[in-house]
Amino acid sequence: MGRSHAMRITALLFLAVLTTPVLAEAQSAQRYSFQFSALGSWPFGGRLDGVSLGVGWEAQLRVTPSQWSFGFGAEQTFHDDVRVDNRSVTLFGGFFEPRYVVDVGSDKAAPYISARFALSQLTLAQGEMEATANGYTINGGGGVLVALNDRVNLDLGATLGYKDLGSLRFMGVPQDFGTGVNAIARVGLAVGLGG
């Protein structure tokens with residue numbers, strides 16, 4: 001998937017979400033929720049400049065005991081290695097994401113600040129050949145939850161931070177994807193579970 005194609009898909013996702021009407025007044029009050037989101041991921045800086053903008057998904061289970069909320073989940077994004085034709089990069093991993101919801105006195109929208117700590121595996125592939133490396137991400141950011149009804153929230157968020165993709169040996173040649181910066185944009189739905 002090329003950089004321009006990935007950018008068009010991400011822009012269309014944001015446009016679709018931003019034109020969705022807010023249908024109800026209350027924010028979800030359930031202690032547990034499940035969230036599924038579309039992602040746009042842009043690794044850049046250092047050796048990460050060789051990895052294109054990518055799109056993907058994330059799924060997480062969130063626990064909300066107070067204004068603090070804690071998410072545990074998995075994420076995957078798909079990129080191109082822009083240095084070599086027909087070579088792809090897939091990032092898959094697990095994460096922990098604490099959030100703090102800021103009370104602004106609205107029952108329709110709630111801004112939040114967040115951090116994300118993720119362990120990930122990079123898979124470099126070309127034809128039938130594959131190799132993997134392990135890395136991690138430490139991001140911070142925020143977003144806003146918009147109530148669609150008393151159980152469903154729209155989540156618009158973004159994070160920025162440090163990413164290490166590690167190194168591997170591909171077709172007998174060492175490949176170091178190194179460290180840099182990672183920007184993530186997210187559009188998703190959070191559904192409250194239980195009573």
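Scroll up for the structure.
This report concerns the structure included in the present document. Owing to the predicted nature of the structure, the values given are computational and were not obtained by experimental measurement.

Cut-offs applied
Residues numbered from 1 in each chain as written. Predicted model: local features only at pLDDT ≥ 70, side-chain atom pairs only at ≥ 80, totals over all residues. Heavy atoms only, no water. Helix = DSSP H or I, 4+ residues; strand = E, 2+ residues; numbered from the N terminus. Buried < 20%, exposed > 50% of the residue type's maximum accessible area, 1.4 Å probe, protein only. Contact = heavy atoms within 4.5 Å. Polar contact = N/O pair within 3.5 Å; in protein donor to acceptor, adjacent residues only side chain to side chain. Core = buried A, V, L, I, M, F, W, Y, C linked by side-chain atoms within 4.5 Å. Pairing = 2+ DSSP bridges. Axes fitted to C-alpha atoms, helices over the stretch in contact; angles between N-to-C directions. Salt bridge = Lys/Arg side-chain N within 4 Å of Asp/Glu carboxyl O.

Summarising the element assignment, Asp49 is placed in the loop between strand S1 (32-44) and strand S2 (54-63). With relative accessibility at 48%, the residue Asp49 sits in the partly exposed group. Considered as a pair, Asp49 and Arg83 are 34 residues apart in the sequence and their alpha carbons are 9.2 Å apart. Residues within four places of Asp49 in sequence aside, it is in contact with Phe44 and Val82. Polar side-chain contacts of Asp49 include one of 2.7 Å to the backbone nitrogen of Gly45.

To continue, consider the nonpolar core. In terms of nonpolar packing, the biggest core is built from twelve residues, these being Leu48, Val51, Val89, Leu91, Leu122, Leu124, Ala131, Ala133, Leu165, Leu168, Phe170 and Phe177. Those elements that place two or more of their residues in this core are strand S4 (88-101), strand S5 (109-126), strand S6 (129-147) and strand S7 (152-170). Looking at which element gives the most residues to this core, the answer is S7, with three residues. Once you skip the residues sitting within four places of it in the chain, Ala133 turns out to touch Ser120, Gln121, Leu122, Leu165, Gly166, Ser167 and Leu168. In terms of nonpolar packing, the next biggest core, distinct from the first, is built from six residues, Val146, Leu148, Val152 and Leu156 among them.

Below, the discussion takes up the sheet that holds S7. Taken in spatial order, the eight strands close into a barrel running S1-S2-S3-S4-S5-S6-S7-S8, and their pairing is antiparallel. Averaged over all pairs of adjacent strands, the angle between strand axes in this sheet comes to 20°, irrespective of strand direction. The pairing of strand S3 (residues 68-80) with S4 spans 13 bridges and is classified as antiparallel. For Asp80, the partnering residue across the bridge sits in S4 and is Ser88.

This part takes up the pattern of salt bridges. Enumeration according to the criterion identifies eleven salt bridges in this entry. Here Glu97 and Arg62 are joined by a salt bridge, their closest N and O atoms 3.1 Å apart. A residue pair is termed long-range when its members are at least 10 positions apart, and Glu97 in strand S4 and Arg62 in strand S2 qualify at 35 residues. The exposure class assigned to Glu97 is buried, which follows from its relative accessible area of 0%. The partner of Asp155 in a salt bridge is Arg186, with the nearest N and O atoms 3.2 Å apart. Highlighted residues: Asp155 in strand S7 and Arg186 in strand S8 (residues 173-193), separated in sequence by 31 residues. One exposure class covers both Asp155 and Arg186, and it is buried.

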